[in-house]
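Structural description and commentary
Each chain is listed here by its residues.
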Amino acid sequence: MHTITFLGTSAGVPTRFRNVSALALQPENSKKWMLFDCGEATQHQIMKTSLSAYNLERIFITHLHGDHVYGLCGLLASKGMQRSESALEIYGPEGLREMLGCVMHHSQLNLPFDLKIFEIDANSSMRFEDFRIDVVELSHSITSYGFVLTFDDKPGRFDVEKAKKLHIPEGPLFAKLKKGESITLPDGRTVSGTDLVGPSKKGARIVIGGDNDNPLLFSPYAPFDLMIHEATYTQKDFDRLERKFKHTTAKQLAQAAQKMGVSWLILNHISPRYDKNGRISELLDEAKRYFDGRVDVAYDFMKIEI
Ligand SMILES: [Zn+2]
Ligand SMILES: [Zn+2]
């Protein structure tokens, strides 16, 4: 199971209950973890969890609006103070290198670790240990990306007891059977690996969206086991706004998720107005009207496993 911890779930500005955007993903059996977006004070949020900046290996930035990126310099500086020497990779839109380079230069921030900054292109694909990330260009007031993570399928369990009962000698023959191949034993019997290996486990496919007003842009990669996407407003509130911003409503997200075959939908990047007077349920109720699967509204330090 991969573990996801929401470190900041507010849109635009922090509230007393929610910090601005950041999300941690720790893959199964890994001490290392990845951060998606890094709003101001993300390092404080990290300190309130069992995660440590020391083991942070990669950061992905959806877009360069302040509520998604102003925490980066502080986090880098603190990681440097911890004498962390393992390399850190940061992936984000064009302009990220210049933005960080400028601050680091003028504040003489010299890091003890190797900082690798990658500016990503729309519709590119990145391969990591046991997963792939596809970059989806979104619709927002500045360049904004979403990430589709696809974990590799896991091979089924090899039935050692059954193999031993069949008097198959351990060693290279076991290895062949584990791959599902057929072998011929010295006594002439043929054994097929498919009889000894259980069904493989499908790797999870997860969407982590940046700010966006068109969630259907993810549809080429559907269906999804989990979709984490902004739902800044309810439709009613959005319709009343005098000045419209390029964000998604709970209704719009739920309808898109229903179309794309999402198993579990999590509404994120919540407008501060819903923190008052128990209004958060308005978002959840609206999403539930248009989406049949499991749906939740994210909150800070919400921890899920998938
Ligand atoms: Zn935002
Ligand atoms: Zn934005």
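Going by the structure above, here's the rest.
Here is a short report on the structure shown in this document. (Residues numbered from 1 in each chain as written. Chains lettered and ligands numbered in written order. Predicted model: local features only at pLDDT ≥ 70, side-chain atom pairs only at ≥ 80, totals over all residues. Heavy atoms only, no water.)

**Some points on the sheet that holds strand β4 (residues 56-60)**
This is how it is decided: By definition, two strands form a pair when at least two bridges between them are found by DSSP. Segments assigned H or I by DSSP are reported as helices when at least four residues long, segments assigned E as strands when at least two residues long, and all are numbered from the N terminus. Fitted lines through C-alpha atoms serve as axes, helices being fitted only where they are in contact, and the angles separating the N-to-C directions of these axes extend from 0 to 180 degrees. Contacts between residues were defined by any pair of non-hydrogen atoms, one from each residue, lying within 4.5 Å.
Pairing is mixed across the open sheet formed by seven strands, whose spatial order is β6-β5-β4-β3-β2-β1-β16. Of all the strands in the sheet, just β6 (115-119) and β16 (303-305) have a single pairing partner and so form its edges. Direction aside, neighbouring strands of the sheet carry axes that sit 20° apart on average. Most of the contacts of helix α4 (residues 96-106) go to β6, to which it runs at about 145°, and overall it touches β5 (88-92) and β6.

**Some words on the pairing of β6**
Relative to β6, β5 runs parallel, the two being bridged by five bridges. Residue Y91 lies in a different strand from β6, and its bridge partner there is F118.

**Examining the nonpolar core**
Selection criterion: For the purposes of this section, nonpolar cores are sets of buried Ala, Val, Leu, Ile, Met, Phe, Trp, Tyr and Cys residues that join through side-chain atoms within 4.5 Å. When accessible area is computed with a 1.4 Å probe and restricted to protein chains, residues below 20% of their type maximum are described as buried, those above 50% as exposed, and intermediate ones as partly exposed.
Ranked by internal contacts, the top residues of the largest apolar core, which has 29 residues, are I4 and L149. Secondary-structure elements contributing two or more residues to this core are β1 (3-8), β2 (22-26), β3 (33-38), β8 (131-137), β9 (145-151), β12 (205-208), β13 (224-230) and β14 (262-268). In terms of residue count, β9 provides more of this core than any other element does, four residues in total. Core analysis: the next-biggest nonpolar cluster, separate from the first, contains 28 residues, L138, L241, L267 and V297 among them.

**Let's talk about the coordination of the zinc ion (ligand 1)**
This is how the line gets drawn: Shown as donors are all N, O and S atoms within 2.8 Å of a metal ion, widened to 3.2 Å for Na, K and Ca; because water is not in the atom set, sites may appear incomplete. Metal sites are grouped by the angles between bound donors: all angles between 85 and 135 degrees with four donors is tetrahedral, opposite donors over 155 degrees apart with the others between 65 and 115 is square planar for four donors and octahedral for six, and any other pattern is irregular.
Looking at the metal site, the zinc ion (ligand 1) is ligated by D67 (OD), H68 (NE2), D211 (OD) and H269 (NE2), spaced 2.1 to 2.3 Å from it. For the zinc ion (ligand 1), the four donor atoms in the first shell make angles of 92 to 166° at the metal, a pattern classed as irregular. Donor residues binding the zinc ion (ligand 1) come from one chain and are separated in sequence as D-H-x142-D-x57-H. Between the zinc ion (ligand 1) and the zinc ion (ligand 2), a separation of 3.5 Å is found, and both are coordinated by D211. Neither D67 nor H68 differs from the other in exposure class; each is buried.

**Some details on the pattern of salt bridges**
Let me state the cut-off plainly: Salt bridge, as applied in this entry: a Lys or Arg side-chain nitrogen positioned within 4 Å of an Asp or Glu carboxyl oxygen.
This model, assessed by the stated rule, comprises 15 salt bridges. One salt bridge connects D296 with R294, and the closest N-O pair in it is separated by 3.4 Å. One salt-bridge network, held together by shared partners, links E57, R58, E89 and E129.

**Section: the coordination of the zinc ion (ligand 2)**
Every protein donor of the zinc ion (ligand 2) is listed here as H63 (NE2), H65 (ND1), H140 (NE2) and D211 (OD), and their distances to the metal cover 2.2 to 2.3 Å. Taken together, the four donor atoms coordinating the zinc ion (ligand 2) and their angles of 89 to 167° define a geometry best described as irregular. When the donor residues of the zinc ion (ligand 2) are listed from N- to C-terminus, their spacing reads H-x1-H-x74-H-x70-D. We classify H65 as partly exposed; its relative accessible area is 25%.

**Overview of the sheet that holds β8**
Spatially, β7-β8-β9-β12-β13-β14-β15 is the arrangement adopted by the seven strands of the open sheet, whose pairing is mixed. Bordering the open sheet on either side are β7 (125-127) and β15 (294-297), each of which pairs with just one other strand. Going from strand to strand, the sheet's axes swing by 15° on average, the running direction of each strand aside. As defined by bridge partners, β8 adjoins β9 across seven bridges and the pair is classed as antiparallel. Across the sheet, residue E137 finds its bridge partner in β9, namely Y145. Against the sheet, helix α9 (residues 280-290) touches β14 and β15, its axis set at about 160° to β15.

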